[in-house]
Amino acid sequence: MFYNPVRTFVGVLTLGALSGAIARGQVPDQQKTCSDLESRAFTIGTWMTHDWTGGQMNGSKTRVAVVGKELRDQTPFYWFEVALDDPARPAAKMTVQILAGGPGSTGAGVRKAIMKMGNMPPMTVPPETVQMFNGINVAQIARECRTMQLVAWDDVTVPAGKFRGMHLRDSRTSADFWITSGAQSQIVKLIWNDGSTAVLTAQGSDAKSSLTGMP
């Protein structure tokens, strides 16, 4: 039941590259903000956590981090790790690492994925199944930012602090999210189409892969 929300959550969060804020009072242009997202570089070690309420994700906690980098055909690809933890259902804990191009990448889709469910050892996702993660093509999501509906620029208060966020609405998924502007953008709030709401709770720069015994 988690795949659709997690796919959108990872895609939107990695779009923001996991850090930064905007000075209060500035009103950036949507196209410039989306251009910043599409061209920015990632920093290995950056991470962010979100708490979810409502919908299928109610009570869940997620952590997204950039934990590695590889060159494929002279193009940089990044290892993104998303961990989903539902305290009410420990056996449903899931950690996924995907190797995908960052903003500015011309590489299509996810190149590799590794998944760990509950207490089971990590497993490589079969090539024929990796396609289910292709919605997490960060470069494509960044480009789609330009055509999404700009609802407003809002002051958003979340556990991690106060931010000035660009409120966008994706007509394709009916998702709403608030994203800060500038060279270090991030998602501070997300509302999925089933009512699941995520808010930024913390962030940092010391992330490492949490998976051991890699396949």
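Note that the structure is predicted; figures quoted are calculated from it, not measured.

*Asks:* Would you mind showing me how to read the pairing of strand β5 (residues 110–117) here?
*Replies:* For a regular strand, side chains alternate in direction, first toward one face of the sheet and then toward the other. Across seven bridges, strand β4 (residues 94–101) lies against β5 in antiparallel orientation. By the bridge assignment, Val 96 is partnered in β5 with Met 115. With two bridges joining them, β5 and strand β6 (residues 123–124) adopt antiparallel strand pairing. What sits directly across from Ile 114, in β6, is Thr 124. The hairpin turn running from β5 into β6, its antiparallel successor, is five residues long, and Gly 118 in that turn takes a positive phi close to 55 degrees.

*Asks:* Hey, could you run me through the nonpolar core in this one?
*Replies:* Note on soluble globular proteins: their nonpolar side chains tend to be buried together. With 31 residues, the main nonpolar core has Phe 80, Val 96, Ile 98, Met 166, Leu 168, Phe 177 and Leu 190 as its most contacted residues. When residues of this core are traced back to their parent elements, those giving at least two are β2 (61–72), β3 (75–85), β4, β5, β8 (161–170), β9 (175–179) and β10 (187–191).

*Asks:* Just checking my understanding: could you explain the pattern of salt bridges for this structure?
*Replies:* Here the idea is simple: oppositely charged side chains can pair when their charged atoms come close. Scanning all chains against the criterion turns up five salt bridges. With a shortest N-O distance of 3.2 Å, Arg 72 and Glu 70 are connected by a salt bridge.

*Asks:* Just checking my understanding: could you explain unusual backbone geometry for this structure?
*Replies:* Negative phi characterises most residues that are not glycine, and trans characterises most peptide bonds. Positive phi is not limited to glycine here, since Ser 174 has a value of about 60 degrees. Checked against the element boundaries, Ser 174 lands in the loop between β8 and β9.

*Asks:* Where do I start with the sheet that holds β5 in this structure?
*Replies:* To summarise the sheet geometry, strands pair through backbone hydrogen bonds and adopt either a parallel or an antiparallel arrangement. Pairing in this open sheet of eleven strands is antiparallel, and the strands run β6-β5-β4-β3-β2-β1-β11-β10-β9-β8-β7 from one edge to the other. At either margin of the open sheet sits one strand with a lone partner, and together these are β6 and β7 (149–158).

*Asks:* Explain the environment of Gly 161 to me, please; I cannot follow it from the model alone.
*Replies:* Residue placement: Gly 161 occurs in strand β8. Considering only alpha carbons, one finds Gly 161 and Leu 200, 39 residues apart in sequence, at a separation of 8.4 Å.

*Asks:* Please explain the packing of aromatic side chains as it appears in this structure.
*Replies:* The geometry of an aromatic ring pair comes down to the distance between the two centres and the angle between the two planes. Counting across every chain of the model gives one aromatic pair. An angle of 45 degrees between the planes, with centres 6.4 Å apart, marks the rings of Tyr 78 and Phe 80 as tilted. Note on Tyr 78: relative accessible area 7%, which makes it buried. If you follow Lys 189 out to its NZ or CZ, it ends over the ring of Trp 178, 4.9 Å from the centre.

*Asks:* Even after reading the chapter, I still don't get the side chain of Thr 62, so can you show me in this structure?
*Replies:* The residue Thr 62 is located in strand β2 in this model. At 2.9 Å, the side chain of Thr 62 forms a polar contact with the side chain of Trp 52.

*Asks:* Mind showing me how you'd approach the confidence of the model for the chain here?
*Replies:* When pLDDT drops low, the exact placement of atoms in the prediction is not to be read closely. Of the residues in the chain, 73% reach a pLDDT of 70 or more, and the chain-wide mean stands at 76. Per-residue pLDDT stays below 50 along residues 1–5; that stretch engages in 16 contacts with residues further than four places along the chain or on separate chains.

*Asks:* Even after reading the chapter, I still don't get the environment of Gly 118, so can you show me in this structure?
*Replies:* Position of Gly 118 relative to the elements: it lies in the loop between β5 and β6. For Gly 118, a relative accessible area of 19% translates into the label buried. Separated by 27 residues in sequence, Gly 118 and Ala 91 place their C-alpha atoms 4.8 Å apart. Not counting residues up to four positions away in its chain, the partners in contact with Gly 118 are Ala 91 and Lys 93.

*Asks:* I would appreciate a short explanation of the pairing of β2 in the present structure.
*Replies:* Pairing analysis gives five bridges linking strand β1 (residues 47–53) to β2, with the strands arranged antiparallel. Note on β2: the bridge partner recorded for Trp 47 is Ala 65.

Calculation criteria
- Residues numbered from 1 in each chain as written.
- Predicted model: local features only at pLDDT ≥ 70, side-chain atom pairs only at ≥ 80, totals over all residues.
- Heavy atoms only, no water.
- Pairing = 2+ DSSP bridges.
- Helix = DSSP H or I, 4+ residues; strand = E, 2+ residues; numbered from the N terminus.
- Core = buried A, V, L, I, M, F, W, Y, C linked by side-chain atoms within 4.5 Å.
- Buried < 20%, exposed > 50% of the residue type's maximum accessible area, 1.4 Å probe, protein only.
- Salt bridge = Lys/Arg side-chain N within 4 Å of Asp/Glu carboxyl O.
- Phe/Tyr/Trp six-rings, centres within 6.5 Å; stacked < 30°, edge-to-face > 60°.
- Lys NZ or Arg CZ within 6 Å of the ring centre and 35° of its normal.
- Polar contact = N/O pair within 3.5 Å; in protein donor to acceptor, adjacent residues only side chain to side chain.
- pLDDT = per-residue confidence, 0-100.
- Contact = heavy atoms within 4.5 Å.

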